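Below, each chain spelled out in residue letters.
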Amino acid sequence: MNQISPQQKPALWQRPMLVVWTISLFILTIFWLFGKPYLAWAFKLPRGWQSRLRYHISDAANWLLDDASFFGLFTFTEFTRSIAAIVAVPYDFVLSIISTGFLEGVGSDAIQLLPPLSWIAVIFLVFALGRYARDWKLAMLAAGCFSYLAIFGQWHSSMITLASIIIAVPIGVGFGLMLGIFSYRFWWFDRAISPILDLMQTVPVFAYLVPILVFFGFSPVAAIIATVIYATPPMVRITILALKQVPSELTDLGNMVGCTGHQQMWKVMIPSASESLMVGVNQVIMLSLNMVIIASMIGAGGLGADVLASLRRLDIGAGIEAGLAIVVLAIALDRLSQALAHRPPDPHYTGPKRSLLQRYPYSLAGLAVVIISGLAGLVWAGFQRWPEAWSLTTGKSANEIVKFININFYDQLDAVKTALLLNVLIPFKRFLLSLPWPGVIALLGLAGFSLKGWRLAVLCMLLGLFIVFTGLWPKAMITVYLCGISVIIASLIGIPIGIMAAEWKPAWNITQLIIDTLQTLPSFVYLMPVVMLFRVGDFTAMIAVVAYAIVPAIRYTSHGLKHVSEDLIEAGVVSGCTPLQLLTKIKLKLALPEIMLGINQTIMLALSMLVITALVGTRDLGQEVYIALTKGDIGRGAIAGLCIAFIAIIADRLITAGADRIKTRLGLAK
Amino acid sequence: MKYKLTGLIAGIASVTALSLPGLADVESKDPIKLTLHDWTGQFITTRIMGSVLKKAGYNIKYVQADYIAQFAGLKTGDLDVAMEIWETTGREAMDAATKTGKVVNVGETGMKAIEEWWYPSYMKEKCPGLPDWKALNKCAEAFSTPETAPKGRYLGGPVTWGGFDDERVEALGMDFEVVHAGTDAALFAELESAYQRKAPVLLWVYAPHWAPSKYKGEWVQFPKYTAECYNDPKWGTNKDAKYDCGKPRGPIWKVAWAGVQKKWPGAYKAIQKFNINNDEMGAMVGAVDLDGKKVEDVVADWMKKNQDRWQSWLK
């Protein structure tokens, strides 16, 4: 092996690599076509070769659960249980305020001492918060969102969900910020945490649900902890990135005026990075709301439970109403938190002394409404709880719409589905399943080597071999097939939409609303109508994956196009480019690395949807995780989860390496 | 508000005192945690049990939990009682849990689970000879889809439900391909869709559930289940294979955390005695899922009409 890396001498390496690729592919094809009778083990792993790791993991978990202790002082379970107890304190407090009221006693014997905030009070508070954070428009939006919850009879469940979000988000943001700062300060910590973050983001939640239940107990708190694990990684990553992007002039200034390390971080760097940090907060909120359905399976209740229960009785309308309540909560929380972060500080006041009311108009008005509506609630319960008789519902109309489509258009839809299935999906699946694993591993290594170097090659091959020896190779191939097809389709649809949204402003506003909805509306809601129209199977799973994973393809494409340097565009205009040429020859080329990152994220989201696709009967790794969950098999779930994570990591590293190469070639690299 | 609440509590107390003299003292005022899953029948059984225990003076709490994942909580006492563990879908998890000694089987609920291949009545025209399973092979084509043709398509339950359908098809030499739905919801979404179009469909349906009362149809008749059929290959038409018969019709069980008996002996006894049958349950599930009534109202109604019955559970 030659030590020269491809970046240093691209000209020399371009051609030999091509030759190597051609030869390898040729050998592989021969191997694939004729190798089976001679090397059966390469096509199907002998049973005896499978690793017993999954049993060891189960044993280790049982040991942790039953025997492990800290120096004999307290057991591991006691430790985790006490964490749960600590988290439960603020949760119970918030729940008391917005849902149950302050109680004495527990269970059905509890007596309410103080009622919770009435719907009027909550809506007014978010209204005031919106006005305080930005303007009347935001105030109306926030109040409108919460009114939806009251009017459509979602109030009770929404407040339960909101309570767990109110606790999970600050914990996630706080931990994310801390870990991010640590990684920024200490390079070794950065190195250590990076793979852990990869795993947290890619191991499906179902894989660690059982251990969480066992260690943290069966309660909303367990759900909050699962939510935090899932939602924190983007915050860490964005924190690191944001701190690195703080202009050096600022940090120099900080040093010059004699800031201590602590002051430098909290007074200079964090404030100046706050805009980027808010992107992280936004992601934590969105991902937390993503977890609502899964959280409800382990005791969180709330909107997630409503969605599941209504779809079990095939009440699509009720499912959509509850699902939209999650979307509405997400939009309100997101817009409010964005506005709060961008709020200019109050001008320093120097006039005559003001009354309390002048100084705190919003807080005092809020307090007044809380008290008045609370007292009014004692007179007539409708002031406390939105009267049930006033609740609106779409009733059976959603079911009727689906029925109409089903009866009138089923044959056409079925024809499209069948054509795609027979001509694309099934052949691709068969092809992947027939590949010999040593060949695939070799190709991965070659790809890693030619994109970056031997380190990446070794990493890809090792991760691939792990999957081989778990005996989950066929399921992994089905995973690759399902996600691969979905990602291709998502890109084919998403990138043009992203281009349109970047080029034409009104389109962007509509697109943003749609992608926010797609990201937070639980996919379960639209999965059942899709099942009705396309039956259980891979095609339905593919639609669900595409619907969810298309979001980053759109977002990154339009982001990339919008951020192409003005100078270059101007240069294009001056040299007489038509708008089309401007787009294809300049903008798209320069935005390519960004678009590739978008595709990368699309792959990640596609993989994270696997667990949901297991619910419509696919036979991939997601199903393996799901089976492990329902059997409470910690080891089996962990292994299958790791396989998914490793596929994600391989894809991520290869694409990032590819994007870096393009950047270097375009001269965009830093 | 407070005045009203006190009144309400006094009211409940007086009712309890009138109807159940001597039962107001309970062993522990800690809440008994009953699990709720995601299907209506289970909501009803659990809320009936909860209401009865509440009338006896126990403190109760409903906790939302996943059907199988709940065993982790039942083992530790985070959860106390689960009212519906189905023989066919939950047996394995239940046995694994009771083997640890931390969870106990509190006996049958009185309901019998039926789980079998099912088709809508309109399929009888296209496939005369039904409900006998042998007729299915002659009209496998009628049940086929492009992906499975020429074989028929049978939509089985989620793989996690077990049921041995793949083995059954093999053992009985049926020209069918088993496709597994991932969830209960997906299963019935397909049925609803096919029923609307009067399209061919053959799938796993179970009772008590709202589907058999909403849609007209029948269960396929396989050779009757016996224990030997599942254990002994020699049994039945296929001498070399097990599972050449229908599915067992098993009871639906109640389970509890092992500590319940000690902590709330009276409640434990009542849970043991809890008994309800398929027809009653089917009617109540229908009232909720098809007529749109609220679970709480249906349960309250049952409580009113069956006072003698539930009071006898508390004796």
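Bear in mind the structure is a predicted one, so any value in this text is a computation, not a measurement.

Below, the discussion takes up the interface of chain B and chain A. With 46 residues of chain B at the interface, the matching set in chain A holds 51 residues. Elements with a contribution of two residues or more to the side of chain B that touches chain A: helix 2 (40–55), strand 2 (60–64), helix 3 (70–76), strand 7 (176–180) and helix 8 (184–197) of chain B. Among the elements that take part in the side of chain B that touches chain A, helix 8 of chain B stands out by supplying 10 residues, more than any other.

Residues and elements named next belong to chain A. Here the domain parsing of chain A yields domain 1 (78–105 + 113–345 + 371–388) and domain 2 (474–666). Across the contact, 28 residues belong to domain 1 and 30 residues belong to domain 2. Mapped onto the side of domain 1 that touches domain 2, the elements with two or more residues apiece are helix 8 (187–202), helix 9 (205–216), helix 14 (274–290), helix 15 (292–297), helix 16 (303–312) and helix 17 (316–342). For the side of domain 1 that touches domain 2, the element with the highest residue contribution is helix 17, accounting for 8 residues.

On to the environment of Ile224 of chain A. Considering the arrangement of structural elements, one finds Ile224 of chain A in helix 10 (residues 220–231). Filtering out sequence-adjacent residues up to four positions away, Ile224 of chain A remains in contact with Val87, Tyr91, Ser164, Ile167 and Ala168 of chain A.

Residues and elements named next belong to chain B. Along the chain, Trp118 turns up in strand 5 (residues 114–120). Under the C-beta neighbour-count criterion, Trp118 is labelled buried, with 24 such atoms within 10 Å. Considering only alpha carbons, one finds Trp118 and Leu36, 82 residues apart in sequence, at a separation of 27 Å. Those residues in contact with Trp118 that sit more than four places away from it in its chain are Leu203, Val205, Gly217, Glu218, Trp219 and Val220.

So, on to the packing of helix 24 (residues 473–503) of chain A against helix 32 (residues 634–666) of chain A. Residues and elements named next belong to chain A. The N-to-C vectors of helix 24 and helix 32 enclose an angle of 45°; their axes lie 11 Å apart at closest approach. Classified by the interaxial angle, the pair formed by helix 24 and helix 32 is oblique. Crossing hand, helix 24 versus helix 32: right-handed. Counted together, Ala476, Thr479 and Val480 of helix 24 and Cys643, Ile644 and Ile647 of helix 32 form the full contact between these two elements. Its residues placed into classes, the contact of helix 24 with helix 32 shows 5 nonpolar, 1 polar and no charged.

Bringing the pairing of strand 8 (residues 203–207) of chain B into the picture now. Residues and elements named next belong to chain B. Across the 5 residues that make up strand 8, a large majority, 5, are buried. Of the two faces of strand 8, the one lined by Leu203, Val205 and Ala207 and the one lined by Trp204 and Tyr206 are each fully buried. Bridge count for strand 5 against strand 8 is 5 bridges, and the pairing is antiparallel. Each bridged residue has a counterpart across the sheet, and for Glu116 the counterpart in strand 8 is Val205.

Our focus in this paragraph is the confidence of the model for chain B. Caution applies to low-pLDDT parts of the model: their predicted coordinates are not meant to be read in detail. Model confidence for chain B is summarised by a mean pLDDT of 84, while 92% of its residues fall at 70 or above. Counting contacts from residues 1–23 of chain B, a segment whose pLDDT is below 50, to residues more than four positions away or on other chains yields 16 contacts.

Residue and element names in this part refer to chain B. Turning to its location among the elements, Asn105 is positioned in strand 4 (residues 103–112). Given 14 C-beta atoms within a 10 Å radius, Asn105 is considered partly exposed. Along the chain, Asn105 and Phe71 lie 34 residues apart, while their C-alpha atoms are 12 Å from each other. When sequence neighbours within four positions are dropped, the list of residues in contact with Asn105 reads Met94, Thr98, Trp253 and Val255.

In this section: the domain arrangement of chain B. Residues and elements named next belong to chain B. Along its sequence, chain B is organised into domain 1 (24–112 + 251–313) and domain 2 (114–231). Here the C-alpha centre of domain 2 lies 30 Å away from the C-alpha centre of domain 1. Of all the secondary structure elements, the ones that give two or more residues to the side of domain 1 that touches domain 2 are helix 4 (87–99), strand 4 and helix 13 (278–289). Residue contributions to the side of domain 1 that touches domain 2 peak at 6 residues, all from helix 13. Looking at the side of domain 1 that touches domain 2 residue by residue, the classes come out as 4 nonpolar, 6 polar and 3 charged.

Attention shifts here to the pairing of strand 2 of chain B. All names here are of chain B. Relative to strand 2, strand 1 (residues 32–36) is paired through 5 bridges, and the arrangement is parallel. The residue bridging Lys33 from the neighbouring strand is Lys61, located in strand 2. Between the parallel pair strand 1 and strand 2, the chain is carried across by helix 2, and the sense of this crossover is right-handed.

Moving on, we come to unusual backbone geometry. Along the chain, Leu130 of chain B connects to Pro131 of chain B via a cis peptide bond; the corresponding omega equals 10°. For Pro131 of chain B, the location among the structural elements is in the loop between helix 5 (123–126) and helix 6 (133–138). Across the junction of Ala207 of chain B and Pro208 of chain B, the peptide omega takes the value 0°, indicating a cis bond. Mapped onto the secondary structure, Pro208 of chain B falls in the loop between strand 8 and helix 9 (211–214). For Arg535 of chain A, which is not glycine, the phi dihedral falls at a positive 65°. When you line up the elements, Arg535 of chain A lands in the loop between helix 26 (523–534) and helix 27 (538–562). Look at Lys198 of chain B: it is not a glycine, yet its phi comes out positive at around 50°. Structurally, Lys198 of chain B can be placed in the loop between helix 8 and strand 8.

Thresholds, definitions, all that
Residues numbered from 1 in each chain as written. Chains lettered and ligands numbered in written order. Predicted model: local features only at pLDDT ≥ 70, side-chain atom pairs only at ≥ 80, totals over all residues. Contact = placed C-beta atoms within 7 Å. Helix = DSSP H or I, 4+ residues; strand = E, 2+ residues; numbered from the N terminus. Domains from an automatic or database assignment. Buried ≥ 20, exposed ≤ 12 C-beta atoms within 10 Å, placed from the backbone. Axes fitted to C-alpha atoms, helices over the stretch in contact; angles between N-to-C directions. Parallel < 35°, antiparallel > 145°, perpendicular 65-115°, else oblique. Left-handed = near helix turned anticlockwise from the far one by under 90°. Nonpolar A, V, L, I, M, F, W, Y, C, P; charged D, E, K, R; others polar. Pairing = 2+ DSSP bridges. pLDDT = per-residue confidence, 0-100. Right-handed = clockwise from strand over helix to strand, strands pointing away.

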